[in-house]
Amino acid sequence: LLKIANARVGGGGAMPSGLPLIEQMAIETGLRAALEQDQLTLEYQPIFDADHGVAAIEALVRWRRPSGEIVSPDVFIPVAESSGLIAQLDRWVMAHAIRDVGSLRGTPLASVQVNINITADELLDPGLSGRLTSLALEHQVDCERICLELTERSMMTDPQRVQAVMTRLRALGFKISIDDFGTGYSSLSRIMSLPVTSIKMDRMFVRGLPDDTKSGAIVRTILGLGKHSQLPVVAEGVENERQALYLLQFGCSHFQGYLFGRPAPLDQLLDKLSMPSG
Ligand code: C2E
Ligand code: MG
Ligand code: MG
Ligand code: MG
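Let me sum up the structure you'll find in this document. Note that the structure is predicted; figures quoted are calculated from it, not measured. (Residues numbered from 1 in each chain as written. Chains lettered and ligands numbered in written order. Predicted model: local features only at pLDDT ≥ 70, side-chain atom pairs only at ≥ 80, totals over all residues. Heavy atoms only, no water.)

Quick word on helix α3 (residues 73-83)
What counts, and what does not: Relative accessible area decides the class of each residue, using a 1.4 Å probe on protein chains only: under 20% of the type maximum gives buried, over 50% gives exposed, and in between gives partly exposed. Every helix listed is a DSSP run of H or I at least four residues long, and every strand listed is a run of E at least two residues long, numbered separately from the N terminus. For this quantity, the arc is that covered by the directions from the helix axis to the C-beta atoms. Contacts were defined at the residue level, with two residues in contact if any of their heavy atoms lie within 4.5 Å. The term polar contact refers here to a pair of N or O atoms within 3.5 Å; inside protein, the definition further demands a hydrogen-donor-capable atom paired with an acceptor-capable atom, and it admits residues adjacent in sequence only when both atoms are side-chain atoms.
Among the residues making up α3, those that are buried are Phe76, Ile77, Val79, Ala80 and Ser83. Relative to the axis of α3, the buried residues are bounded by an arc of 165° and lie together on one face. If you follow the buried residues of α3, they end up packed against α2 (21-36), β2 (53-64), β3 (70-71) and α4 (86-102). Between the side-chain oxygen at the start of α3 and the backbone nitrogen of Asp74 there is a gap of 3.0 Å, and the oxygen is on Ser72.

Laid out in structure tokens, this is it:
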């Protein structure tokens, strides 16, 4: 399963980000300034539960340069990771996302879960659980409403320490989801032995549904794995009804993608949810 998936991933130049050094440096300088000058913002994308509406919202960081140019997270996150800025960025996102969900009392999203992407650097930082619990306390958000999304790659950087950190976070009530599931190079048995609470199936598998038989086989395998492990599976990148119907037919419980809602500023998302036909 993982080998099939990985056939699509590959590539990469000398820099981990795949960018020429000079561009990487320009992004790093700009990002450092953006963090200092508060040029980052958050958008939120809903995750739907097949039975109950919006189950969670995923915080996605956005960076618009003073020139107006928008830089994609797919470009600046890898640069942040290789330049050591990622922990600072992850902390900025955690603080703002938890503050944002704390502000949702009295709205249709009053008890929604917030999903926050974090990287290996921040996961393995000894201060993480303390930072999360004090943010939760400060903004009166139950720890159970905070879900950390970690990619397989992050989980495999130092498996023993990762396991210990995850166990501690789970004991405090935080949830943990495996992001982009199926795209890493990790061993399936190892990844499934970690104390996670849900699986996010990467959108590359959803893309080919329902016609591509290989995508279909992988998707059904991941859904079966979720069922066997009693873990909800979130399908990422659901863009059309045919994909959604296929997923529903094979037991997928949670859906995220342009069909259900694009990432948007929180107030826009709330406006949409308050309207009768969204
Ligand atoms: P991800 O965590 O897998 O996030 C999902 C990405 O898929 C988002 O891209 C989202 O806009 C996009 N997406 C959602 N639905 C659809 C769809 O139906 N079709 C298509 N084609 N795309 C869809 P985005 O916002 O560009 O983020 C890219 C990646 O950057 C994220 O992948 C995540 O790994 C990383 N990232 C984003 N925000 C943060 C953050 O705050 N911290 C960290 N550490 N990483 C972040
Ligand atoms: Mg994510
Ligand atoms: Mg993902
Ligand atoms: Mg993804």
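Topic: the nonpolar core
We apply this condition: We define a nonpolar core as any set of buried Ala, Val, Leu, Ile, Met, Phe, Trp, Tyr and Cys residues linked to one another through side-chain atoms lying within 4.5 Å.
Ile57, Leu89, Ile116, Met155 and Leu247 are the most contacted members of the largest nonpolar core, which has 79 residues in total. The dominant element in this core, judged by the number of residues it contributes, is α4, at eight residues. If sequence neighbours within four positions are ignored, Ile57 has contacts with Tyr44, Gln45, Pro46, Val101, Leu104, Leu109, Val112, Gln113, Val114, Asn115, Leu266 and Leu269.

Regarding empty space enclosed by the protein
Rules: Any residue with an atom within 4 Å of a point lines the site, the site being either a cavity, points on a 1 Å grid over the protein atoms alone where a 1.4 Å probe fits but cannot get out, or a pocket, an open set with protein on both sides within 12 Å along at least 5 of 7 lines. Grid points are joined across faces, edges and corners, and a volume is the space filled by probe spheres set on the points. Each residue receives one of three labels: charged for Asp, Glu, Lys and Arg, nonpolar for Ala, Val, Leu, Ile, Met, Phe, Trp, Tyr, Cys and Pro, and polar for the others, Gly being one of them.
The final tally for this structure, using the stated rule, is one cavity of 30 Å³ or more. By volume, the largest cavity is sized at about 30 Å³. What lines the largest cavity is Leu123, Asp125, Pro126, Leu128, Ser129, Val165, Arg168 and Leu169. The element contributing the most residues to the lining of the largest cavity is helix α8 (residues 159-171), with three residues. Across the lining of the largest cavity, the residue classes break down as five nonpolar, one polar and two charged.

In short, the description is geometric, and any link to function would need to be established separately.
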